[in-house]
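Observations on the three-dimensional arrangement
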Amino acid sequence: MKLGVIDLNTGNLASLLSALDRLNLKYVICRNDLDFEGVDKIILPGVGAFKDFMKKISDKKFDKILIDKVKKNTSILGVCVGFQILFSSSNEHGDYKGLELLKGNFVNFKDKDINIKVPHVGWNECDIINKNQLFHGIKNNSDFYFTHSYYLKDYNIENVVSQTKYKLDFVSAINKENIYGVQFHPEKSQSNGLQILKNFYERC
Amino acid sequence: MIKKRIIITLTFLNGVLFRTKNFKPDYRYTKNFVDLWSIDELILIDISEKKFSKNFLELINFFSRNCFVPISVGGGIATLENADILFKNGADKVVLGSGAINKKDLIEKISKKYGNQSIIQSVDCKKIHKNNRYTVMGSSGTENLLQNPIEFSINALARGAGEIMINNIDNDGSLMGYDLKLIKMVSEKINSPILALGGAGNWQHMLDLLSKTDISGACTQNIFHFTEESIFSAKKFLKDNNIKVRN
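Quick look at the structure, then. Within each chain, residues carry numbers counting from 1 in the order of the written sequence. Following the order in which they are written, the chains are lettered starting with A and the ligands numbered starting with 1. For a predicted model such as this one, the threshold for reporting local features is a pLDDT of at least 70, and the threshold for listing and counting side-chain atom pairs is 80 or more; totals across whole chains, interfaces and linings nevertheless cover every residue.

1. A look at the overall build of chain A
Secondary structure summary: chain A contains 6 helices and 13 strands in total. Note on method: radius of gyration uses C-alpha positions; expected globular size equals 2.2 Å times residues raised to 0.38. A globule of 204 residues ought to have a C-alpha radius of gyration of about 17 Å, and chain A, at 16 Å, matches this closely. Summarising its shape, the C-alpha atoms of chain A cover approximately 45 × 40 × 30 Å along the three principal directions. Comment: burial labels come from other C-beta atoms within 10 Å of the residue's own C-beta, placed from the backbone, where a count of 20 or more is buried, 12 or fewer is exposed, and between is partly exposed. Per-residue burial over chain A gives 53% buried out of 204 residues. What counts as a contact here is a pair of residues whose C-beta atoms, placed from the backbone, lie within 7 Å. The contacts in chain A between residues at least 6 apart in sequence include a share of 67% that link residues at least 24 apart. In this text, helices come from DSSP runs of H or I with a minimum length of four residues, and strands from runs of E with a minimum of two, each type numbered from the N-terminal end.

2. Details of the packing of helix α6 (residues 203–212) of chain B against helix α7 (residues 230–240) of chain B
The relative placement of two packed helices comes down to the angle between their axes together with the axis-to-axis distance. All names here are of chain B. An axis is simply a line fitted to the C-alpha atoms; with a helix, the fit covers only the stretch in contact. Between two such axes, the angle follows the N-to-C directions and lies from 0 to 180 degrees. Following both chains from N to C, one finds α6 and α7 inclined at 45°, their axes separated by 10 Å at the closest point. By the angle between their directions, the pair α6 and α7 is classed as oblique. Crossing of α6 against α7: the hand is right-handed. Across the interface between the two elements, Trp203, Met206, Leu207 and Leu210 of α6 pack against Ala234, Phe237 and Leu238 of α7. When the residues that make up the contact of α6 with α7 are grouped by side-chain class, the tally is 7 nonpolar, no polar and no charged. Any angle that falls under 35 degrees is termed roughly parallel, while one over 145 is termed roughly antiparallel, one within 65 to 115 roughly perpendicular, and all others oblique. Handedness of each helix crossing follows the sense of rotation of the near helix against the far helix: counterclockwise by less than a right angle gives left-handed, clockwise gives right-handed. Three categories are distinguished: nonpolar for Ala, Val, Leu, Ile, Met, Phe, Trp, Tyr, Cys and Pro, charged for Asp, Glu, Lys and Arg, and polar for the others, with Gly belonging to the last.

3. Quick notes on the sheet that holds strand β5 (residues 89–90) of chain A
Residue and element names in this part refer to chain A. For two strands to be treated as a pair, DSSP must find at least two bridges joining them. Spatially, the 4 strands line up as an open sheet ordered β6-β5-β7-β10, and their pairing is mixed. Edge positions in the sheet fall to β6 (96–97) and β10 (150–153), since each of these pairs with one other strand and no more. Judged from the 2 bridges that link them, β5 and strand β7 (residues 105–108) form a sheet pairing that is parallel. Counted as the bridge partner of Ser90 is Phe106 from β7.

4. Brief notes about the sheet that holds strand β3 (residues 41–46) of chain A
All names here are of chain A. One open sheet accounts for 9 strands, arranged β2-β1-β3-β4-β13-β12-β11-β8-β9; its pairing is mixed. Only two strands of the sheet have a single partner each, and these edge strands are β2 (28–30) and β9 (142–148). Mean inter-strand twist for the sheet, computed between neighbouring axes without regard to direction, equals 30°. Bridge count for strand β12 (residues 168–176) against strand β13 (residues 179–182) is 4 bridges, and the pairing is antiparallel. Across the sheet, the residue bridging to Ala173 is Val182, located in β13.

5. Things to note about unusual backbone geometry
Residue and element names in this part refer to chain A. Put simply, Val118 and Pro119 share a cis peptide bond, and its omega is -5°. Within the secondary structure, Pro119 is located in the loop between α5 (109–112) and β8 (120–128). Look at Asn141: it is not a glycine, yet its phi comes out positive at around 65°. Mapped onto the elements, Asn141 comes out in the loop between β8 and β9. The exposure class of Asn141 is partly exposed, given the 13 C-beta atoms found within 10 Å.

And the structure:
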């Protein structure tokens, strides 16, 4: 098995790599299409705005590679904005399409209630709705670190792994076949987060 | 439910960990004191004259490799390139000093590249005793920016900051408690996560802050608050008093 971590030169890849190093997990960093050679498991970390992130992916033609890899049964774990772009679209700074691997649209917490403090930053609980290998060995309602302003709507309920309460219940982890995604940052969530990364590597 | 964050602020002078008092270095410590597993978040501030030194960047790297919680880094950020260096060395967020508000497009540029969630705007305040009003201070607390903390915060958020960190310079290192009046005044008018810094002397001060205001996190830089079991016991005390904190 060969794990590839996608580097789009946005923000802090260092913490994710530190976490993988701590777990003694081997990986390659994917900066161009040749780096994907032989990769059969992918982590897509993401920070920043949905639109900019998606643009970086399509400029590098990674969108086609990712869609193709996923079709050929490569497991993918999207993190934060990397989780968001697995879905149909987001209305962050306009209306932008994602990779459309999963059904759902992201909207701002403020669209629901103007008084909600955004971004949603801090440690919050994941309530596991559907038992999943990604959460193997993790107690229900464990805390993970979140930082985001958009949440998922119009999704398939059967794909939801966990949800989290922030005035409303939103989807914090998802899985459909070989596609996995988490809204929180496992690399910033201490033991529970490290366990998620280990589970993805070993079990997903 | 979202938990209240207990955040450690560490200040470094030439790569050495110091506690500060009224924004000046006070006692020195070693980084090995820090209990990396109980804290919810870490803020590292460089108070050296020469910023972005190899020493300091190595420290960011050390913490990034050893504690898997968010790390915010500040001290002298004046350009996007300054921020780039910090992110590259392991920062998840940057802390902008109050004076950064006068740097043209700085907040906009950082937030465009790294997102709003990557910027904590520090709002360093002082009470003007003549008229009993608060003002925001820049240049490490030496220059009166002649702005009130609420307008200042609203402006920073509109330009792309994600969180506000309120500090009363006179309470810094005082151990007399947070300036609840100031913190309340700002937090009531602002719809973003707010952190408070300056003055924590005991757990009761943290409890007062978290029970009497609706802010998101309490910062402390008193070393006695985060060695060995102390964050653990702080959290137990807060939990016993019905504050939601992370286990």
